[in-house]
Amino acid sequence: MKAREIVDSIIRETGVTLDPVKTVDQIIIGDPDTEVTKIVTSFMATVDVISEAVRLGANFIITHEPTWFNGRDQKEWLINDPVYIKKKQLIEENHLVIWRFHDYMHAVSDDMIYQGFDQDMGWSDYKERKEIGKDEKNPLLKARLCYQIPEMKLKDLVMKVKDSLDVKCARVIGNQEGTCRRIGVLVGGGSLGLGDEKNTMEFMLRENLDTVICGDITEWTLSAYIRDASMLGLGHSMIIIGHERSEESGMKHVVGWVQKLFPLETVIFVDAKEPFDYL
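Residues numbered from 1 in each chain as written. Predicted model: local features only at pLDDT ≥ 70, side-chain atom pairs only at ≥ 80, totals over all residues. Heavy atoms only, no water.

### Some details on the environment of threonine 179
Phase 1: With respect to the helices and strands, the residue threonine 179 is situated in strand S8 (residues 179–186).
Phase 2: Looking at threonine 179, the relative accessible area reads 37%, which means it is partly exposed.
Phase 3: Residues threonine 179 and leucine 154, spaced 25 residues apart in sequence, show a C-alpha to C-alpha distance of 5.8 Å.
Phase 4: Those residues in contact with threonine 179 that sit more than four places away from it in its chain are Glu151, Met152, Lys153 and Asp210. (Helix = DSSP H or I, 4+ residues; strand = E, 2+ residues; numbered from the N terminus. Buried < 20%, exposed > 50% of the residue type's maximum accessible area, 1.4 Å probe, protein only. Contact = heavy atoms within 4.5 Å.)

Encoded structure:
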C-alpha cells in the first residue's frame with residue numbers, strides 16, 4: 001500500500017472528524033505515494049528510532065510527537081540548523097515517510113494512549129470515565145479519567161508504575177507510607193492544564209483523588225498544590241514519570257490495532273526510550 005492509503009485508512013477507522021488543516025496529524029516528511037515496506041510505531045521519530053526503522057527494513061514511521069522539535073512541526077526556523085539538516089538527510093537518504101498520529105489518537109471516545117497505559121498497568125477494569133456537558137471546552141475535563149484501584153501504599157504504587165512502564169526514575173511527592181486508592185492519570189502534557197493551569201487542581205478536587213500519576217509538570221501548579229496538601233497532612237501524593245514514559249505505552253499497543261487494519265503489512269513497535277540519563 002501507499003503511505004497516503006495507510007494514513008487515510010487509519011483516520012477513517014478512528015471514526016473521528018478533525019479539521020485537516022488544523023490538526024497536527026500530517027505527513028511530516030516523505031512522499032505520500034511511497035510504497036510501504038514495513039510500518040514502525042513510536043512515541044517520537046528520534047534519530048535512533050529512524051535508524052532502527054532502517055535496520056528493520058521499514059520505510060513508514062507513525063510517530064505520536066513532533067519530529068522537528070515544536071508542537072506543529074514547523075521547520076522554516078530550522079532551515080540552516082545543522083541538526084535539522086543532518087536528520088533530514090538521514091530520512092531522505094533512506095526514502096522514509098513519517099506521519100504524525102496524535103490528535104486522532106486522543107480524540108477517539110476511548111483515548112488510544114490511555115488504552116496502552118491501561119494494558120501495561122493492568123488497570124482496564126479500574127478506570128472510571130464520566131462524560132460531562134458537551135459545552136465543556138477543556139478535553140481533560142471532558143474525559144475526567146480516574147481509577148479506583150485496590151488500596152496500596154504510595155511506595156508500592158511507585159514500584160508498580162516503574163516496573164509496568166519501564167520507568168528508570170520517578171519523582172515523587174507525598175508520604176511514601178500513605179495509602180493510594182483514587183488515582184488520576186494525566187498522560188503527556190495533561191497535567192499542565194491544557195489551556196487553564198487551574199484545571200488539574202479542580203479535577204483533583206472534583207474527583208476526590210488522593211494520588212496523581214502524570215507526565216509533564218509546571219512546578220508552581222499541580223505539583224505545588226499536592227506538595228502543600230501533603231505538608232498539611234491531607235494525604236495527597238504525586239508520581240511524575242515524564243511525557244515519554246506516560247505515552248509510549250499507547251504507541252506500543254496501537255500496533256495490534258494497526259495490524260488488524262493491514263494484515264498484509266508488518267507493523268513493529270520501536271521504543272523511543274526515556275530522553276534522560278540520571279546521574
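### Focus on the pairing of strand S6 (residues 146–153)
Phase 1: Judged from the two bridges that link them, strand S5 (residues 127–128) and S6 form a sheet pairing that is antiparallel. Among the inter-strand pairings, glutamate 128 is bridged to a residue of S6, identified as cysteine 146.
Phase 2: Two strands pair when backbone bridges link them, and S6 and S8 are joined in this way by five bridges, in the antiparallel orientation. Looking at S8, one finds that lysine 153 is bridged to threonine 179. (Pairing = 2+ DSSP bridges.)

### Here we look at the nonpolar core
Phase 1: Ile39, Phe60, Phe101, Trp123, Ile183, Val185 and Ile239 are the most contacted members of the largest nonpolar core, which totals 45 residues.
Phase 2: The next biggest cluster of nonpolar side chains, apart from the first, holds 18 residues, and it includes Val40, Phe43, Ala45 and Ala58. (Core = buried A, V, L, I, M, F, W, Y, C linked by side-chain atoms within 4.5 Å.)

### Description of the sheet that holds strand S1 (residues 27–29)
Phase 1: The five strands are arranged S1-S4-S3-S2-S11 in an open sheet whose pairing can be described as mixed. This sheet does not close on itself; its edge strands, each paired only once, are S1 and strand S11 (266–269). In this sheet, adjacent strand axes meet at a mean angle of 25 degrees when their direction is disregarded.
Phase 2: Looking at chain direction, strand S2 (residues 38–42) and strand S3 (residues 60–63) are connected through four bridges and run parallel. Each residue of the ladder has a partner; that of threonine 41, found in S3, is isoleucine 62. (Axes fitted to C-alpha atoms, helices over the stretch in contact; angles between N-to-C directions.)

### Describing helix H9 (residues 222–231)
Phase 1: For H9, the full list of buried residues reads Leu222, Ser223, Ile226 and Ala229. Angularly, the buried residues of H9 cover 125 degrees about the axis, an arc narrow enough to put them on a single face. H9 presents Arg227 and Met231 as exposed residues on the side facing more than 90 degrees away from its buried surface.
Phase 2: The elements touched by buried residues of H9 are strand S7 (171–173), S8, helix H8 (199–206), strand S9 (211–214) and strand S10 (237–240).
Phase 3: Glycine 233 occupies a position one or two residues after H9 and carries a positive phi of about 80 degrees. (Arc of directions from axis to C-beta.)

### Things to note about the confidence of the model for the protein
Phase 1: The share of residues in the protein with pLDDT of 70 or more is 94%, and the mean pLDDT across the chain is 94.
Phase 2: Taken together, the stretch residues 132–136 has pLDDT below 50 and engages in six contacts with residues farther than four places along the chain or on a different chain. (pLDDT = per-residue confidence, 0-100.)

### A look at the sheet that holds S10
Phase 1: As summarised here, the arrangement of the six strands in space is S5-S6-S8-S9-S10-S7, forming an open sheet in which the pairing is mixed. The sheet is open, and its two edges are formed by S5 and S7, each paired on a single side.

### Digging into the packing of aromatic side chains
Phase 1: Under the counting rule described, the total for this entry stands at eight aromatic pairs.
Phase 2: When the ring of tryptophan 123 is compared with that of tyrosine 147, the centres are 5.4 Å apart and the planes differ by 45 degrees; the resulting orientation is tilted. A residue pair is termed long-range when its members are at least 10 positions apart, and tryptophan 123 in the loop between helix H5 (112–121) and S5 and tyrosine 147 in strand S6 qualify at 24 residues.
Phase 3: Residue tyrosine 147 is classed as buried on the basis of its relative accessible area, which comes to 0%.
Phase 4: Seen in terms of ring centroids, phenylalanine 276 and tyrosine 278 are 6.4 Å apart; in terms of plane orientation they differ by 70 degrees. Their pairing is edge-to-face.
Phase 5: For tyrosine 278, a relative accessible area of 39% gives the class partly exposed.
Phase 6: Put simply, the rings of Trp68, Phe69 and Tyr84 pair up and form one aromatic cluster. (Phe/Tyr/Trp six-rings, centres within 6.5 Å; stacked < 30°, edge-to-face > 60°.)

### Description of the pattern of salt bridges
Phase 1: Scanning the model with the defined rule gives 18 salt bridges in all.
Phase 2: In this structure, glutamate 151 engages arginine 181 in a salt bridge whose closest nitrogen and oxygen atoms are separated by 2.6 Å. You can see glutamate 151 sitting in strand S6 and its partner arginine 181 sitting in strand S8, a full 30 residues away along the chain.
Phase 3: On the accessibility criterion, arginine 181 (35% relative accessible area) is partly exposed.
Phase 4: Here lysine 198 makes a salt bridge to aspartate 196, at a shortest N to O gap of 3.0 Å. (Salt bridge = Lys/Arg side-chain N within 4 Å of Asp/Glu carboxyl O.)

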